[in-house]
Structure formats: C-alpha cells, structure tokens
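The chain contents come next:
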Amino acid sequence: MKKLFLTLFGLVAALGLTHGQTITPAHQERAAALVSQMTLDEKIALISGKVDGFSTYAIPRLGIPSIRMADGPQGVRNIGEKNIQSTFFPCGISAAATWNRDAVHEMGAGIGSAAKAHGVQIMLCPGVNIYRSALCGRNFEYYGEDPYLASETAVSFIEGMQKEGVMATIKHFALNQEEYDRHGVSSNADERTMNEIYFPTFRKAVEKAHVGAVMTSYNPVNGTHAAENAALVKDNLRAWGFEGIVMTDWVSTYSTLNFMNSGVDFEMPRAIVTKPEMVKALLENGVVSEAELDEKCQHILQTYAAFGFLDKPLEADPSAEDPTVSRDRAYKLALEGPVLLKNDDGILPLKSGKKNLIAVLGPNANAIVCGGGSGWVNPEDGRASTIVDGMKGLGKNWNVEVLGTPQPDVLRKASAVVLCLGFDSNTEKENSDRKYYLDKKQVALIESVASYTDKIVVVVNSGGEIDIRPWADKVKAIILDWYPGQEGGNALAAILSGKVSPSGRLPFTFWGSLDGNPAQKWYKEMPQLHNDKVRQHYRYTTYGEGVFLGYRGVEHFDSKPLYPFGYGLTYSSFDYSDLQIVPAGDGYDVSFTVRNTGKTDAKEVAQLYVAPEQPSILRPAQELKGYDKQLIAKGQAVRYTLHLGADAFRYYDIASRTWKTDPGRYEIRVGASAGDIKLRGNVTVD
Ligand code: BGC
C-alpha cells in the first residue's frame, strides 16, 4: 500500500516537471512522507556530501538516489576523472556583456545538456556576485555591476539550464566581492545596500526562474560566516519564499550549532561540522531541535522530487547533448561578448587582400585562455579555436602572419598588428585577487611593437577593467575579449574581419584608473587592517559606497568614468527618435525608434534608465530598468518596446524594512550607455 502511495506521488511529481520544477504541494507531501520514515542516521547522512566531494549519499531503502554535482559556469568539469572535456562556453562576464537574453538562455541549455550527457543532476552555476572592484579574482565568472542586468542574465541562464531538467545552483550568497583572504574577511553592508545591489539577482532567480539551489559564500556577512548565517538565509532568502536547497560552498563551516540553526541544508563537499556524533550531541542536549534537521531533509527531498530526481536513475546519457548544437551556442555567445572600446581611424574592421598584411602576436594569441579555479573548463580536444586559428581560418583572401616575437620588417609593413594580451588561469582566478596592471613584460611588448607601428589592435583577456593608461594612446583599437571559450578565436576573427559588427557592451563602469572607482577606497580598507594582528578576528571590508556603486556613483561622488557602463562601439551608427511612454499593466510601455544610419548591419543595445526627480532620500541619479538588443540592417529602423514595471521606481526603506515608491515625477531616459542618453521623457507616479 505504502509503495503504491509513493509511486502515485512519483507520478504526480514527474508531471510537475513540465511546470518548470516549481515545488508543488505534491512534492512537499512526497518529501514529508520520506522524512517521516527516515532514521536519525539517514537524516544526518542526507545533509552532507560524500567523500568524493561532488555527490550525495543514497538511501536505497527509501528509493533516495545519490545525486551528482559538477562545476561550473563555463561548462561541465570535475566529475570523477579530473580532466573531463566539455564544450567550453564564454565566461560569465562575457555572457553579461552580450546583453542578449536569448543567447544566455542557450548557454544555460547547452551546459544543461552537457550535464545530462555526463550524468550530472546539479550544476554549480551560475555565479552572480556583483562587480565592485576590478581586483576581484572571480569577476570573470560573474555578471557585472548592475543588479538588473545581472538578474536578467541569471534568469535566462537558469531557465535555459533547468528546462533541460538539470538543477542550477546560484552562487555565492552573498556579498562575495573579493577573493583576498576569502574565508576571513567579513563583507559588511547595510540593509538597503544589500537589498538594492547585492540581493536582487538571487531574489529574481528565486521568484522568476525558480532556481533549485543556492550556494552560500565563503566570506562572513556582517560578521557571521554565510554558511552559518541565519540572518542572511532565514531572514532573507527563505523570507522571499525560497523552498529549494541551500548548500554551503566547499569547506566553509565552522560550528555545528550555527550551521544547524542557519537555514542552510547541505554541507559540502562532505561532513565537517555535520558528522553524526556532532549533530547527535546537540540534538541530545536539546540545543538544536530535530525540527531543524527535518526541515533540511524536507528542502532537499522536495527539490529532488520537483526535478524528478527521485524517479530516474543516475546515468550518463551521451545522447542528451548534440555537440554541434553546443558549439554553435558557444559560438553565437562568443560573437556578442567582445566589447570594442576604441577604434581610431577605423582600423577595424581589418582589410582583406594580399596587400594587407596582418600580423598576429602576443602571449594569448595561440592559447585557449580561461580564468582559473572552479570556473576552468577543459575544452574539447582539437575543437577549441585560438585567435591564431580564427585568423588563419579567414581563408585564402587574407594575408595573416603569426609572429613569435616582434619582427621589425613585418611590423613596419603590416596594415594592422593584432596584439593578444591579458590574464589567464594563473593570474586571474578564485582564492586570490588579481592585479589591475598588465604584466610588465606585456607592457614592454606593446611598447616594442609601438616603436615600429601605431596600427595596433590590442585584444585583452580579462574579467574586468585593466590599466590601459600606459599604452592606450600608442594603439588604434582596444577590444575586451574576456575569456571567450572554445569558439572564441573564430568569433573574434569574425569581428576583426568585419563579418560581424561588435555588439558587446560594458557590464561595468570602466573608470580608467583603480582609484577612479569610488568604491575602491573601501575595498582597500581591509588589507590595511589585515596587517594588524591584534584585530585579525575582526577582518572586514565595509561597503562604504552603499548603493552608489559603479555608474550609480558617477553623480554622487562626482567621478567621471573613462568608458561608461553600457558602452561599446560597433561598426555602424544609430539614431534614436520618437519616444512614447504609455501606461500599461503595472507600469508603462516605453517605445522608440532606432535607425541604423551607418554602412553596416549591426546590433544595437538600447538601454532604459529611470531617474527620480524628487526622491525623498538620497538615490542614484539613474538606474537601469530595461534593455533590448536588436539587429538593425543598414539604413533600416526598428521600433523597440520595453516594459517598466511598478518595481522600476522603488527603493528599499531601512526603517520599515520594505520597498517604497515615492510619488512624483521620474525622468525616463533611453540611451546607448549610462553616459550617452539619447531620449528623455517623464512619468508621474501617484
Ligand atoms: C568554489 C565554488 C565551487 C566549489 C566546488 C569552491 O572553491 O568557490 O564556486 O562550486 O569550489 O568546486
């Protein structure tokens, strides 16, 4: 009888799958029925990972299978054999720089299908921590400085992945903005800052994308480690209605008591503070109630049920991924991520023909570069394209010469020199912050090449801003190419050759100097404290810039960026006109026309900013609340329509701990970047 009951629940839960893995009452009842049958030892076993670090304990008696997890944001890695190969997608900041929801959705689906092919049910991605300083070693994995852009990117990724039946894990909750001493330095921020800047991406992933799992961060938040932080997990994440799994980052717990009461369910990668004798001791003396343990098991099992994990065996299914489709998805994304910062004298696109010699050189020219750590992916053998591969693949009509070192004769006669520089998995990675400056040898290389020619196109691999001051005026063009994945070389060649116009836009403000970023002042605070041994238990970084992060701080701090948030050149030009704002649904529809006035088909990212005119408290001068990217043929015009919901006008009120909207006038700004507003209108909110 019991068996029949469970099978029926299994059927209902399996049907629930078609509804996007939302946890339904049927999933909850099925989980509760299982929890009620579990012994204490089984419950304790369920809440931690197994010794291999990326899977969980099975309870065969109750039909609960072992679940397998894998990193990470750019492809599938670390399952069993360390060097498993997988389609290597562009990194997170590159995905955000596309401002293309559909392409990111396809990335999520591509990594999801690869996960199924490898028998992985839970993927440890996306990473969404907000970009605060160029120095953060993990910026490359994340989605930039703006909570709206990051939320939209995360939702697209998660929906794409979960549609494949693979659970996404959004990480790292919360305030993981630096890697320097990442286990020790507390990120200290006020409630408004957390709610307006650092939480929205997680919240939208929960409310809109129904993400299955959330991973906590290594850092303490306001003094308490995230994996043991009930104020963070229970009072925020759970209060938003999250009923899925909260797991710790790998080795980030310190106290059984705090973990048990935190609202976090899973200790990963294995039991450190959840060893049976530790948990039992606290249950026996009544310091922790068994209800806390049951709740963790309930969250875990109801989420498994919603994803159908209780009904299908753990098996790799190579047919789940069509590698050709994955490569195509990776290529399309890689085409749209690179951001063209500068293009003097129209050196780009490059010119084909025997007469136009194009020299390619630099340490990253013939390498598949990736940020390091858990975001690193082993690309498919023989598939990945370097920039050299891409340039050589342009065909007979192109005269490309690859140089190991600067050769004066070649450089002098070249019509352009593509110089490939930047960081790699040794110099930009988790567990340490990176440098703002290019390696001295690379700067010397630019100078050496510049002594023969100024027809230089610098291609930079990095996860964020770098110092371009020493050499920017010696080169004609600069492209931020991020870590573009295994199709990156082919994609960059398509852009350099003019087959495709660049269409990436900065997902952060490019200040032009490290200290030009107002937040940097507070970011630096911590290393000074760090030298003070007496205070080592109180290491912290204060989020002193508050909500005025990135472009939100431009007016507030009177600080001028070199390249504004949302900026990026194309090979064409656009004209914006005919702004119309009409009430619609819970807000307004904003529509306008964009005409391609240049000579090339190109994509334009139109951005919508809301600027309160009479705020009752200090607010950023403008905030991004909508965007859309459209391909516009030369000479043609496209009408954009963006919706502004009621939430586009609100701010977080600390006193009442709620969101509030001031009545009054708001300017509605449409622009090509935060610093290039093309059209202005206004609305009055009651
Ligand atoms: C990282 C996580 C990752 C985990 C498992 C940790 O070091 O912070 O992002 O998912 O390792 O590899």
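Refer to the structure presented above.
One structure accompanies this document, and this report is about it. Just so you know, these numbers come straight off a predicted model, no measurement behind them.

## Points about the overall build of the chain
At step 1: The number of helices and strands found in the chain is 19 helices and 24 strands.
At step 2: Its C-alpha atoms give the chain a radius of gyration of 25 Å, near enough to 26 Å, the size a compact globule of 686 residues would have.
At step 3: Each of the three principal axes of the chain carries a C-alpha extent, and together these read 80 × 60 × 55 Å.
At step 4: Per-residue burial for the chain yields a buried fraction of 62% across its 686 residues.
At step 5: Contacts in the chain between residues far apart in sequence, at least 24 positions, make up 76% of those at least 6 positions apart.
At step 6: Only carbon and sulfur atoms are counted for the fraction: they give 51% of the accessible area of the chain, which is about 25100 Å².

## Observations concerning the packing of aromatic side chains
At step 1: Under the defined criterion, the tally for this structure stands at 25 aromatic pairs.
At step 2: Where Tyr551 meets Tyr609, the ring centres are 5.8 Å apart and the plane angle is 85°; that geometry is what we call edge-to-face. Of the two residues, Tyr551 is situated in the loop between strand S15 (540-542) and strand S16 (574-584) and Tyr609 in strand S18 (residues 602-612); the sequence distance between them amounts to 58 residues. Of the two residues, Tyr551 and Tyr609, neither departs from the other in class, the shared state being buried.
At step 3: Grouped by ring-pair contacts, the aromatic residues Trp99, Tyr148, Tyr551, Phe565, Tyr609 and Tyr627 constitute a single cluster.
At step 4: We note Lys296 situated over the ring of Phe259; from NZ or CZ to the ring centre the distance is 4.8 Å.
At step 5: Of note, Arg650 hangs over the ring of Trp659, and the distance from its end group to the ring centre comes to 4.1 Å.

## Remarks on the site of the ligand
At step 1: Near the ligand there are 14 residues, and of these Asp71, Arg138, His172, Asp249 and Glu430 occur at the shortest range.
At step 2: Glu430 is positioned with one of its side-chain polar atoms (N or O) 2.8 Å from an oxygen atom of the ligand.
At step 3: Burial of the ligand by the surrounding chains reaches 92%, relative to a free accessible area of 310 Å².
At step 4: Partitioning the shell around the ligand into residue classes produces 5 nonpolar, 3 polar and 6 charged.

## Brief notes about the packing of helix H2 (residues 25-37) against helix H12 (residues 290-306)
At step 1: Where H2 contacts H12, the axes come no closer than 8 Å and their chain directions differ by 130°. Considering their axes alone, H2 and H12 lie oblique with respect to each other. The handedness of the crossing between H2 and H12 comes out as right-handed. On the side of H2, the interface is formed by His27, Gln28, Arg30, Ala31, Ala32, Leu34 and Val35, while H12 contributes Asp294, Cys297, Gln298, Leu301, Gln302, Ala305 and Ala306.
At step 2: Classifying every residue of the contact of H2 with H12 gives 8 nonpolar, 4 polar and 2 charged.

## Section: the side chain of Asp662
At step 1: Turning to its location among the elements, Asp662 is positioned in the loop between strand S22 (658-660) and strand S23 (664-673).
At step 2: Within the buried set, Asp662 has no salt-bridge partner at all; the shortest N-O distance to an opposite charge, 4.8 Å, is to Arg619.
At step 3: At a separation of 2.8 Å, a polar atom in the side chain of Asp662 contacts the side chain of Ser616.
At step 4: Engagement of the side chain of Asp662 in a polar contact is seen with the side chain of Tyr651, the distance being 3.4 Å.
At step 5: Each residue touching Asp662, except ones within four places of it in the same chain, is listed here: Gln614, Pro615, Ser616, Ile617, Tyr651 and Val685.

## What about the sheet that holds S16?
At step 1: Read across the sheet, 3 strands follow the order S16-S17-S20 without closing on themselves; strand pairing throughout is antiparallel. The open sheet has two edge strands with one neighbour each: S16 and strand S20 (637-644). Taken over all neighbouring pairs, the strand axes of this sheet differ in orientation by 20° on average, direction set aside.
At step 2: In terms of strand pairing, strand S17 (residues 587-596) meets S20 through 8 bridges, oriented antiparallel. Among the inter-strand pairings, Val594 is bridged to a residue of S20, identified as Val638.

## Some words on the pattern of salt bridges
At step 1: Counting across every chain of the model gives 41 salt bridges.
At step 2: Between Lys43 and Glu290 there is a salt bridge whose closest N-O contact spans 2.7 Å. On the criterion of sequence distance, the pair formed by Lys43 in helix H3 (residues 40-46) and Glu290 in helix H12 is long-range, its members being 247 residues apart.
At step 3: In this structure, Arg329 engages Glu106 in a salt bridge whose closest nitrogen and oxygen atoms are separated by 2.9 Å. Of the two residues, Arg329 sits in helix H13 (residues 323-336) while Glu106 sits in helix H5 (residues 101-117), which places them 223 residues apart along the sequence.
At step 4: Since its relative accessible area comes to 15%, Arg329 is described here as buried.
At step 5: Owing to a relative accessible area of 29%, Glu106 belongs among the partly exposed residues under this scheme.

## Overview of H2
At step 1: Over its 13 residues, H2 runs 19 Å from end to end, which matches the ideal 18 Å to within 8%, given 1.5 Å per residue.
At step 2: Along H2, the residues classified as buried are Ala26, His27, Arg30, Ala31, Ala33, Leu34 and Val35.

## What about the environment of Asn188?
At step 1: When you line up the elements, Asn188 lands in strand S4 (residues 186-188).
At step 2: The class for Asn188 is partly exposed, based on a relative accessible area of 22%.
At step 3: In this structure the C-alpha to C-alpha distance between Asn188 and Tyr304, which are 116 residues apart in sequence, comes to 34 Å.
At step 4: Excluding anything up to four places from it in sequence, Asn188 contacts Asn222, Gly223, Tyr540, Thr541, Thr542 and Tyr543.

## Re the sheet that holds strand S8 (residues 245-247)
At step 1: Across the sheet, 5 strands lie side by side as S1-S2-S3-S5-S8; this open sheet has parallel pairing. In this open sheet, the two edge strands, each paired with only one partner strand, are strand S1 (69-70) and S8.
At step 2: Along the sheet, H12 contacts strand S2 (122-123), strand S3 (167-173) and S8; its crossing angle with S8, the most-contacted strand, is approximately 120°.

## What to know about the state of the cysteines
At step 1: Scanning the model with the defined rule gives 0 disulfides in all.
At step 2: Here Cys420 is not cross-linked by a disulfide; its sulfur's nearest cysteine counterpart is in Cys91, at 16 Å.
At step 3: Relative accessible area serves as the criterion here: at 0%, Cys420 is assigned to the buried category.

## Notes on the nonpolar core
The nonpolar side chains of a soluble globular protein tend to be buried with one another.
At step 1: Ranked by size, the top nonpolar core spans 99 residues in total, and within it Met123, Met247 and Tyr304 carry the most contacts.
At step 2: Take this core: its biggest share by element is 7 residues, from H12.

## Regarding unusual backbone geometry
At step 1: That bond from Asp71 to Gly72 is cis: its omega, 0°, falls within 30 degrees of zero.
At step 2: Relative to the helices and strands, Gly72 resides in the loop between S1 and helix H4 (92-98).
At step 3: Here the bond from Leu348 into Pro349 is cis, since omega is 0°, no more than 30 degrees from zero.
At step 4: As for its position among the elements, Pro349 is in the loop between strand S9 (339-343) and strand S10 (357-361).
At step 5: Of note, the phi angle at Asp181 is positive, near 50°, even though the residue is not glycine.
At step 6: The residue Asp181 is located in the loop between S3 and S4 in this model.
At step 7: Residue Asp181 is classed as partly exposed on the basis of its relative accessible area of 25%.
At step 8: Despite not being glycine, Arg657 has its phi angle at roughly 55°, a positive value.

Reading guide: rules and limits
- Residue numbers here run from 1 along each chain, matching the order of that chain's written sequence.
- Thresholds applied to this predicted model are a pLDDT of at least 70 for local features of residues and 80 or more for the giving and counting of side-chain atom pairs; totals over whole chains, interfaces and linings are not thresholded and use all residues.
- For the side-chain quantities, the full set of heavy atoms in the structure was used; hydrogens and water were omitted.
- Secondary structure elements are taken from DSSP: a helix is a run of H or I of four residues or more, a strand is a run of E of two residues or more, and numbering for both begins at the N terminus.
- Radius of gyration means the value over C-alpha atoms here, while the globule rule gives 2.2 Å times the residue count to the 0.38 power.
- Partly exposed residues are those whose accessible area sits between 20% and 50% of the maximum for their type, while under 20% is buried and over 50% is exposed, using a 1.4 Å probe and protein chains only.
- What makes two residues a contact is simply this: any of their non-hydrogen atoms within 4.5 Å.
- Throughout, the Shrake-Rupley method with a 1.4 Å probe supplies accessible areas, and for residues the shown protein chains are the sole cover considered.
- Each pair of aromatic rings taken from Phe, Tyr and Trp, with Trp reduced to its six-membered ring, is defined by centres within 6.5 Å and is described as stacked if the planes are under 30 degrees apart, edge-to-face if over 60, and tilted in the remaining cases.
- Two thresholds decide whether a charge sits over a ring: the Lys NZ or Arg CZ must be within 6 Å of the ring centre and within 35 degrees of the ring normal.
- We define proximity as follows: a residue is near a molecule or strand when any one of its heavy atoms falls within 4 Å of that partner.
- Think of a polar contact as two N or O atoms within 3.5 Å of one another; within protein, one of them needs to be a possible hydrogen donor and the other a possible acceptor, and neighboring residues in sequence only count if both atoms come from side chains.
- Throughout this entry, Asp, Glu, Lys and Arg are counted as charged residues, while Ala, Val, Leu, Ile, Met, Phe, Trp, Tyr, Cys and Pro are counted as nonpolar. The remaining residues, Gly among them, count as polar.
- Between N-to-C directions, angles cover 0 to 180 degrees, with each direction set by a line fitted to C-alpha atoms, over the stretch in contact for helices.
- Throughout this description, any angle smaller than 35 degrees is read as roughly parallel, any larger than 145 degrees as roughly antiparallel, any in the 65 to 115 degree range as roughly perpendicular, and the remainder as oblique.
- A crossing counts as left-handed when the near helix is turned anticlockwise from the far one by less than a right angle, and as right-handed when that turn is clockwise.
- Under the counting rule used here, the positive set is Lys and Arg, the negative set is Asp and Glu, and His together with the chain ends is not counted.
- By definition here, a salt bridge exists when the distance from a side-chain nitrogen of Lys or Arg to a carboxyl oxygen of Asp or Glu is within 4 Å.
- Strands were regarded as paired on the criterion that DSSP finds at least two bridges between them.
- Between the first and last residue of a helix there are one fewer steps than residues, each counted as 1.5 Å, and that sum is the expected span.
- The rule for a disulfide is simple: a pair of cysteine sulfur atoms within 2.5 Å.
- Note on terminology: a nonpolar core comprises buried Ala, Val, Leu, Ile, Met, Phe, Trp, Tyr and Cys residues joined through side-chain atoms within 4.5 Å.

Function cannot be read off these values alone, since they describe shape.
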